Amino acid sequence: MSKATTALAFDFGTGSIGLAYGQSLTGSARELPPLPARDGKPDWEQVKKTLDEWQPHTLLVGLPLNMDGSESEFCTRARKFGQRLHGRFGLPVEYVDERLSTRAAKEEARDRGHRGNYADEPIDSIAARIFLEDWLREAGGH
């Protein structure tokens, strides 16, 4: 890939949707404040503002696959969220395996002094950054 690309990653959840932004030139990504959600539905106006601000080329949605690679029930909801993103904003949506990102996010949060109260301090945006960085490495050959 010669042209730099940018992506916004969504770690879909029912109460909170993690967000991260990254670009392929450096292969780096940064966490953004998570979007509050009601039963998996974000404030679409807030999603639009985020897209307007960051202008990503691609949207990534993490798929919480089972450890054997099969799709969990939650994958259906994550795919539906991705379809809504594409339908509303017309940007390409890619689905990425996010199986190990939550565990890695918990370890990283612990290293940062997180006390394990994930409801009060969600780690969804850390997970989104981790699977976005993996995607950027694959996409950009980093």
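Anything mentioned here points back to the structure above.
The notes below deal with the structure included here. Values in this document were obtained by computation on a predicted structure and should not be read as measured data. (Residues numbered from 1 in each chain as written. Predicted model: local features only at pLDDT ≥ 70, side-chain atom pairs only at ≥ 80, totals over all residues. Heavy atoms only, no water.)

As for the overall build of the protein
For clarity, the threshold we go by: Strands are runs of DSSP state E lasting at least 2 residues, helices are runs of H or I lasting at least 4, and numbering of each runs from the N terminus. What the globule rule says is 2.2 Å times the number of residues to the power 0.38, and the radius of gyration is computed from C-alpha atoms. Remark: exposure states derive from per-residue accessible area (1.4 Å probe, protein chains only) relative to the maximum for the residue type, with buried under 20%, exposed over 50%, and partly exposed in between. By definition, residues are in contact when any of their heavy atoms lie within 4.5 Å.
A count of helices and strands for the protein gives four helices and six strands. Along the chain direction, N to C, the helices and strands of the protein fall in the order β-β-β-β-α-β-α-β-α-α. The globule rule puts the C-alpha radius of gyration for 142 residues at 14 Å, and the 14 Å found for the protein is close to it. Counting across all 142 residues of the protein, residues that qualify as buried make up 45%. For the protein, long-range pairs separated by at least 24 residues make up 62% of all intrachain contacts whose partners lie at least 6 apart in sequence.

Some remarks on the sheet that holds strand E3 (residues 28–38)
Here is the rule we go by: Two strands are counted as paired when DSSP detects at least two bridges linking them.
Strand order in the open sheet made by the six strands is E4-E3-E2-E1-E5-E6, with mixed pairing throughout. Across the chains shown, the open sheet's two edge strands, defined by having one partner strand only, are strand E4 (41–42) and strand E6 (93–97). Bridge count between strand E5 (residues 58–63) and E6: five bridges; the pairing is parallel. Paired with Val61 across the two strands is Tyr95, which belongs to E6.

Here we look at helix H3 (residues 101–111)
What counts here: By definition, the arc is the one covered by directions from the helix axis to the C-beta atoms.
Along H3, the residues classified as buried are Ser101, Ala105 and Ala109. Looking straight down H3, one finds that the buried residues subtend no more than 70° of arc, so they occupy a single side. Relative to its buried face, H3 has exposed residues pointing more than 90 degrees away, namely Arg103, Arg110 and Asp111. In the stretch just after H3, Gly113 is the one whose phi turns positive, near 100°.

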